[in-house]
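Here's the letter readout for the chains.
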Protein chains: 2
Amino acid sequence: MPTTRTPAGSARDRILDTAFRLFYAHGPRGVGVDTVIAESGVAKATLYKHFPSKDDLVLAYLDKVDQAWFGALRAAAREAGDEPREQLVGMFDALAGACRREGYHGCAFINTAAESPAGSPVHARTVEHKNVVRAWVTDVARRAGAADPELLARQLTLLLDGGLASGVLDGDPAVAEAAKRTARALVDAAVGGAPGGRPTRQ
Amino acid sequence: MPTTRTPAGSARDRILDTAFRLFYAHGPRGVGVDTVIAESGVAKATLYKHFPSKDDLVLAYLDKVDQAWFGALRAAAREAGDEPREQLVGMFDALAGACRREGYHGCAFINTAAESPAGSPVHARTVEHKNVVRAWVTDVARRAGAADPELLARQLTLLLDGGLASGVLDGDPAVAEAAKRTARALVDAAVGGAPGGRPTRQ
DNA sequence: AGACTAACAGACAGGTCTGTCTACTCCAAC
DNA sequence: GTTGGAGTAGACAGACCTGTCTGTTAGTCT
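About the criteria used
- Residues numbered from 1 in each chain as written.
- Chains lettered and ligands numbered in written order.
- Predicted model: local features only at pLDDT ≥ 70, side-chain atom pairs only at ≥ 80, totals over all residues.
- Heavy atoms only, no water.
- UniProt positions renumbered as here; feature names shortened; annotations may be inferred.
- Helix = DSSP H or I, 4+ residues; strand = E, 2+ residues; numbered from the N terminus.
- Contact = heavy atoms within 4.5 Å.
- Near = heavy atom within 4 Å.
- Polar contact = N/O pair within 3.5 Å; in protein donor to acceptor, adjacent residues only side chain to side chain.
- Nonpolar A, V, L, I, M, F, W, Y, C, P; charged D, E, K, R; others polar.
- Buried area = accessible area lost by both parts, 1.4 Å probe.
- Salt bridge = Lys/Arg side-chain N within 4 Å of Asp/Glu carboxyl O.

**Quick look at the UniProt feature "DNA-binding region" (unreviewed entry) in chain A**
- UniProt annotation of "DNA-binding region" (unreviewed entry) refers to residues 32-51 of chain A when read in the numbering used here.
- From the first C-alpha to the last, residues 32-51 of chain A spans 14 Å; its make-up is 75% helix and 0% strand.

As structure tokens, then:
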């Protein structure tokens, strides 16, 4: 078992943590490799050993973001209770939580994709992330008994993305609030009736 | 009236048109001044005469985007007819039109803001743009007789931003389609009843 | 004709970026 | 004790970026 010479985690972890922080704040293109090196207290050769190119580091960053955001989304849904229809609304608390957080700067995927060429790996990774999230929402929508789970999932992720996008500008809590209220309205319309719910027309 | 030595518009126009095209495709930070100069067939000194710094050119680009997008939005609303409630839904045709366009790459404002520092002029201009659009939507919502025009406008712009953001990834027409259907549902819920008191036509 | 203006052409300075490379230092395991 | 892996420190190449500056050309106005 390899031991660690440095006390605060492995060099790889320090690099990735630092990159996460800096990339999210300024965008990958706005942060030079030298800055990542300086802030993580690591030698340049070490960085390029773990991540052969900056693009590899950016992809690792996106994977980390995916874990964090998708995790927050599922946690928020879980906290809303056992009812799928409540979970669909509850996941918007993750948006509110993100907006409140200091240094909130919108959706890392969208921001990163915006500064990447069209067919790049970054782009592909972003599409994949969005698809995974939407597939999960579709599943919850189906369990909630939505008339058209695909449509409802599309609507909710559209709202989510809209809220995230606005967040690049100002972490206005009103956005998250409005998104959640809208989600509730859409879920009620799609599922109808009461929790437990069979589709009933209002 | 000053004559033009160059056949295809003034040098300033050529610079701005080229910048518009390149900045939108690759992001302002992804395009060097030299490229703008080469593609617009202009001397460097000429560019720096009209736009003292690259940032000034970026702001001019955003103004041009604002005119184009806000214009498209109003045109789409206008084409939906005289009824404000129809206009609220009709403006989503502008989103569909944008998604269909070759080289569609999402919302220029959000993309540009994503690569700009937090307090920058670019950021301020973006916030201003979003506020102007939302104010206009609020006005239409009010004329449509919405119970809570501010909320409805917030909901619709959220949808719009979500649709634009998803568009960075793939110009999937399903997104615009879903956004429009959702808009119709939200407008119906907020306005209730029908245009002129008749039952809804959908 | 002469002055003025707008634009062109392109060299240049000073900085930043990514990625490579050399040389050195620990530390653990064999 | 030696070997090898992981890390540190930092110079360096080559590209690219913004912005400045010099000199030239052409058309307009007086």
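Further notes follow.
**Some thoughts on the side chain of Thr 138 of chain A**
- Inspection of the secondary structure assignment puts Thr 138 of chain A in helix 8 (residues 121-143).
- Here Thr 138 of chain A is in contact with Pro 149, Glu 150 and Ala 153 of chain A, once residues within four sequence places are set aside.

**Some details on the protein's contact with DNA strand C**
- Surveying the vicinity of DNA strand C reveals 19 residues, the closest of which are Val 33, Lys 44 and Lys 54 of chain A together with Gly 41 and Ala 43 of chain B.
- Each atom of DNA strand C within 4 Å of the protein was classed as base or backbone; sugar and phosphate made up 57%.
- Tyr 48 of chain A is positioned with one of its side-chain polar atoms (N or O) 3.3 Å from a phosphate oxygen of DNA strand C.
- Note that a phosphate oxygen of DNA strand C is positioned 2.6 Å from one of the side-chain N or O atoms of Lys 54 of chain A.
- Elements supplying a minimum of two residues to the surface near DNA strand C: helix 2 (33-40) and helix 3 (44-50) of chain A together with helix 1 (11-26) and helix 3 (44-50) of chain B.
- Take the surface near DNA strand C: its biggest share by element is four residues, from helix 3 of chain B.
- Across the surface near DNA strand C, the residue classes tally to seven nonpolar, six polar and six charged.

**Things to note about the interface of chain A and chain B**
- In this assembly, 34 residues from chain A lie in contact with 34 residues from chain B.
- In this assembly, chain A packs against chain B so that about 2900 Å² is buried in total across both faces, 67% of it on carbon and sulfur atoms.
- Here chain A and chain B share two salt bridges between them.
- Between chain A and chain B we count five residue pairs in polar contact (both at pLDDT 80 or more) in total.
- When residues of the side of chain A that touches chain B are traced back to their parent elements, those giving at least two are helix 7 (108-114), helix 8, helix 9 (149-166) and helix 10 (173-191) of chain A.
- By residue number, the principal contributor to the side of chain A that touches chain B is helix 9 of chain A, which donates 10 residues.
- Class assignment of the residues belonging to the side of chain A that touches chain B gives a composition of 15 nonpolar, 12 polar and seven charged.

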